[in-house]
There are 2 protein chains.
Amino acid sequence: MRLAIVGSGAVGRSVAELAGGYGHTVTALADSGSAAVDTDGIDVAAALERKREDGQVGTADPEDALDGEYDVLVEATPTTLGDAQPGFGHVRTALERDRHAVLGNKGPVAERYDELRDLEAESAGAIRFEAAVGGAIPVLSTVEDFGPDNIVAARGVLNGTANFVLTRMAAEGLDYEHVLAEAQDMGVAEADPSFDVEGTDAALKCVILANVLAQGERTYRLEDAEVEGITDVPGSALELAHEDGRTVRLIGEVSSDGVRVGPRLVSEHGDLAVGGTTNIVQLETDHAGRLNLSGRGAGGPETATAVLSDVGRLPEL
Amino acid sequence: MRLAIVGSGAVGRSVAELAGGYGHTVTALADSGSAAVDTDGIDVAAALERKREDGQVGTADPEDALDGEYDVLVEATPTTLGDAQPGFGHVRTALERDRHAVLGNKGPVAERYDELRDLEAESAGAIRFEAAVGGAIPVLSTVEDFGPDNIVAARGVLNGTANFVLTRMAAEGLDYEHVLAEAQDMGVAEADPSFDVEGTDAALKCVILANVLAQGERTYRLEDAEVEGITDVPGSALELAHEDGRTVRLIGEVSSDGVRVGPRLVSEHGDLAVGGTTNIVQLETDHAGRLNLSGRGAGGPETATAVLSDVGRLPEL
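Calculation criteria
- Residues numbered from 1 in each chain as written.
- Chains lettered and ligands numbered in written order.
- Predicted model: local features only at pLDDT ≥ 70, side-chain atom pairs only at ≥ 80, totals over all residues.
- Heavy atoms only, no water.
- Domains from an automatic or database assignment.
- Contact = heavy atoms within 4.5 Å.
- Buried area = accessible area lost by both parts, 1.4 Å probe.
- Salt bridge = Lys/Arg side-chain N within 4 Å of Asp/Glu carboxyl O.
- Polar contact = N/O pair within 3.5 Å; in protein donor to acceptor, adjacent residues only side chain to side chain.
- Helix = DSSP H or I, 4+ residues; strand = E, 2+ residues; numbered from the N terminus.
- Least-squares fit on C-alpha atoms with pLDDT ≥ 70 in both.
- Buried < 20%, exposed > 50% of the residue type's maximum accessible area, 1.4 Å probe, protein only.
- Lys, Arg positive; Asp, Glu negative; His and termini not counted.
- Nonpolar A, V, L, I, M, F, W, Y, C, P; charged D, E, K, R; others polar.
- Pairing = 2+ DSSP bridges.

**Looking at the domain arrangement of chain A**
All names here are of chain A. Here chain A is partitioned into domain 1 (2-135 + 300-313) and domain 2 (140-296). Taken over C-alpha atoms, the centre of domain 1 sits 27 Å from the centre of domain 2. Listed per partner, the contact involves 17 residues of domain 1 and 20 residues of domain 2. Both sides of the domain 1 and domain 2 interface together cover about 1800 Å² of buried area, and 59% of this is carbon and sulfur. On inspection of domain 1 and its partner domain 2, the count reaches six salt bridges. Residue Arg 296 is joined to Glu 302 by a salt bridge in which the shortest nitrogen-to-oxygen separation is 2.9 Å. Taken together, domain 1 and domain 2 are joined by ten residue pairs in polar contact (both at pLDDT 80 or more). Breaking the side of domain 1 that touches domain 2 down by element, the ones donating at least two residues are α5 (107-111) and α6 (113-121). Per-element tally for the side of domain 1 that touches domain 2: the top contributor is α5, with three residues.

Here's what the structure looks like:
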């Protein structure tokens, strides 16, 4: 397949680097201010070098990436909320051109899911968005193969930054601010960590999962989720939990009751007590009990593998 | 899709019961001595009732199931080794008729993998066999989506009976014979448990995984695996392990070194120390680190969900 990659952050760059190994051709790579476009395939190494040196991937206009020849648009621009622009517009352009769209960007799928599905219904192209939920962990394709009808509920640890902070608080007996600073030094937490530590990122992923499970019966947005982050979890809570063989994790839950994210007590050695930046999703199924899927929920190459798995499941146009 | 189900043990019966809920029609159901066949769809409830009362699912000949009208043959007869008959022959019949075949039966895929792939190459039909490895756990579809090229190694706990016995030995400080007898009383172990406790079942699943990962470069059979079961694990080994924060599990491993199954020390609270009859598969990947997939590795409905997931991934004929 020919891939037009919009977004040259960690995910976009990794998709560009790995695409060839999966047998695909990158015909466009765009960042916010430029693009490299070539119907026969761009020189990915050169474009990434140019990005490193000049801050721009190419000499073409970003619009040229959307207008060019491709089979799959890979939407890897930063997640935005509300109107989810410009990501939503990029996907709409692809679908209206009867092309496929694979999203790593959570915004459009969390905030305008019904509109995306309407556009898809009118298009020869399809949308897939494994990379938007749980990075490398094959959550959505497992739900798809199982049949969303057969999944009763889902829960999990879906934000590695928050999980890392809680893991370190429990392990070292340190308080939140101290561990957050440490995480920022290590690059595990952003300079502005609110998206992760306030639970927004985990909530977006749960909203997406809720939309998939609801199969059009209703549509969820971020505002429909009850969200509490980890910013008020005191170190004492973790010590108290430990004395009872428990610990605290930021858990997202999706069920017929809706979407909830918040700090929860979990068994210290149970499946949900994943450590560090690991993510886990538990699916409760109709005929097969509980399925656990865990692994790396974030990272350039990790998320790229999910994008490329999705590309592999798209039909020829 | 129209399903012809050959084999009316727990798996075959569960597939027959659940197929309608997935939108499929059962056009044939056969046991070793009879069949119920109807191109418009058999009365599944009646056939299962007849099986319970008379020991036979129908009044037709078993051959009629293989000769009838269907899209997918579901091969759910008991696993046999060596020539893997009659299961292999059933699959060959389906492929030679340009029909699909979905296997829960491990025999043909473990013992005659190359021949199956050759038959498939000559057929309009495809073979899938998720149910042969890890029951409800989506191991093979995850490998497929990830790309077998990107999987470096796999390991896991793939036999629930052996795992249950080791779990109970560790928990209760009892010896192997005692716990085995308890497991047999509970129906977790068979009257002749050798297939499970000698590691054969786990080895077959690892051989299948090795065949998938090798992608035709070489073909493995059961005889290529180094296999040691749990029959000689003394209770004292588990006590000693516990004092060191470890326990013992029957672990299957697939790598460029080949296929090995045997009792191994694992961290007591680590991912591989699953409890009871739970199974787990760990995939080591090129770009996304480790993926863990765990859940119920056996059972009628559980394995049926894997069969039906496979049916959902087959193309229209």
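**Topic: the relation of the copies chain A and chain B**
These two copies of the chain differ by a rotation about an axis and a displacement along the same axis. With an RMSD of 0.0 Å, the fit of chain A onto chain B corresponds to turning through 180° and sliding 0.0 Å along the axis. Within this description, the copies of the chain are treated as partners about a two-fold rotation axis. Relative to the rotation axis, the C-alpha of Leu 293 of chain A is the closest in chain A, positioned 2.4 Å from it. Take the interface residues of chain A: 100% of them recur as interface residues in chain B, which is what a same-surface contact looks like.

**Things to note about the pattern of salt bridges**
A pair can form between side chains of opposite charge whenever their charged atoms are brought close. Evaluation of the coordinates by the stated rule reveals 48 salt bridges over all chains. Each of Arg 128, Glu 144, Asp 145, Asp 310 and Arg 313 of chain A together with Arg 128, Glu 144, Asp 145, Asp 310 and Arg 313 of chain B takes part in one network of salt bridges that share partners.

**Quick word on the side chain of Asp 196 of chain B**
For Asp 196 of chain B, the location among the structural elements is in helix α10 (residues 194-197). No salt bridge is formed by the buried Asp 196 of chain B, whose closest oppositely charged neighbour, Lys 205 of chain B, lies at an N-O distance of 6.4 Å.

**Examining the interface of chain A and chain B**
Counting residues at the interface gives 26 residues for chain A, matched by 26 residues for chain B. Taken together, the two surfaces of chain A and chain B that pack against each other cover about 2200 Å², and 55% of this comes from carbon and sulfur. Together, Asp 145, His 287 and Ser 294 of chain A form the three largest contributors to the area buried by chain A at its contact with chain B, with a combined 23%. Here chain A is connected to chain B by two salt bridges. Taking the shortest distance from any N to any O, the salt bridge between Asp 145 of chain A and Arg 313 of chain B comes out at 3.1 Å. There are eight residue pairs in polar contact (both at pLDDT 80 or more) connecting chain A and chain B. Residue composition of the side of chain A that touches chain B, grouped by class: ten nonpolar, eleven polar and five charged. The pairing of strand β12 (residues 290-296) of chain A with strand β12 (residues 290-296) of chain B spans three bridges and is classified as antiparallel. Bridging from a neighbouring strand, Leu 293 of chain A pairs with Leu 293 of chain B of β12 of chain B.

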